[in-house]
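These are the residues of each chain, in order.
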Amino acid sequence: VQLVESGGGLVQPGGSLRLSCAASGFTFSSYAMSWYHQAPGKERELVARITNVGDSTDYGDSVKGRFTISRDNAKNTVYLQMNSLKPEDTAVYYCTVRWSGVRKWGQGTQVTVSS
């Protein structure tokens, strides 16, 4: 199982970013996928998750109405569109899947929201 995130960077408050996570090594279309983030000194927490076919999504309270998770099963990729970014969204963002009872993580991508 390999998960490779991309798309992070520095953005001003109110700006947007789209993160991507390219998955390989498993049958992507059979698994729900999630994004988590971890800010310095804080625990890793759920940002968003999506079912294997993309028919249902769920979001953390802090991002509802601003972030959108989606997936393209033909490309084995899950996305996180982040709008109206706030300084408190600054964190490392991780793509994750629970595969064979074990949660697998990507290496993460840094998102920094600052003026």
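Each remark here, short or long, concerns the structure printed above.
Residues numbered from 1 in each chain as written. Predicted model: local features only at pLDDT ≥ 70, side-chain atom pairs only at ≥ 80, totals over all residues. Heavy atoms only, no water.

Caption draft 1: The nonpolar core, seen in detail. Core analysis: the largest hydrophobic core is formed by 28 residues, its most contacted members being M33, W35, V78, L80, M82 and Y93. Look past the residues within four positions of L80 in its chain and what remains in contact with it is L17, R18, L19, W35, V47, A48, F67, T68, I69 and Y93. (Core = buried A, V, L, I, M, F, W, Y, C linked by side-chain atoms within 4.5 Å. Buried < 20%, exposed > 50% of the residue type's maximum accessible area, 1.4 Å probe, protein only. Contact = heavy atoms within 4.5 Å.)

Caption draft 2: Quick peek at the environment of N52. Locating N52 in the fold gives a position in the loop between β5 (45-50) and β6 (57-59). Separated by 23 residues in the primary sequence, N52 and S29 have C-alpha atoms spaced 5.4 Å apart. Of note is the side chain of N52, whose polar atom sits 3.1 Å from the backbone oxygen of S29. (Helix = DSSP H or I, 4+ residues; strand = E, 2+ residues; numbered from the N terminus. Polar contact = N/O pair within 3.5 Å; in protein donor to acceptor, adjacent residues only side chain to side chain.)

Caption draft 3: Summary view of unusual backbone geometry. Even without a glycine there, the phi angle at N76 is positive, about 50 degrees. Mapping N76 onto the fold places it in the loop between β7 (67-72) and β8 (77-82). N76 gets classed as partly exposed once you look at its relative accessible area, which sits at 27%. Located in the positive-phi region is S100, a residue other than glycine, with phi close to 50 degrees. Of note, S100 is situated in the loop between β9 (91-99) and β10 (102-105). In this structure S100 comes out as exposed when scored by relative accessible area, which is 56%.

Caption draft 4: Summary view of the state of the cysteines. A complete count under the given rule lists one disulfide for this structure. What pairs with C21 in a disulfide is C95, and their sulfur atoms sit 2.1 Å apart. On the sign convention where negative is left-handed, the bridge of C21 and C95, at about -75 degrees about the S-S bond, is left-handed. Highlighted residues: C21 in strand β3 (residues 17-24) and C95 in strand β9, separated in sequence by 74 residues. Across the pair, exposure class does not vary: C21 and C95 are buried alike. (Disulfide = S-S within 2.5 Å.)

Caption draft 5: Region of interest: the pattern of salt bridges. Inspection of the entire model under this criterion finds three salt bridges. Between R49 and D58 there is a salt bridge, and its shortest N-O distance comes to 2.9 Å. Exposure remark for D58: the relative accessible area of 31% places this residue in the partly exposed category. Between D89 and R66 there is a salt bridge; the shortest N-O distance is 2.8 Å. Placement of the pair is D89 in the loop between β8 and β9 and R66 in the loop between β6 and β7, with a sequence separation of 23 residues. Taking relative accessible area as the criterion, D89 reaches 2% and is therefore assigned buried. Taking relative accessible area as the criterion, R66 reaches 10% and is therefore assigned buried. (Salt bridge = Lys/Arg side-chain N within 4 Å of Asp/Glu carboxyl O.)

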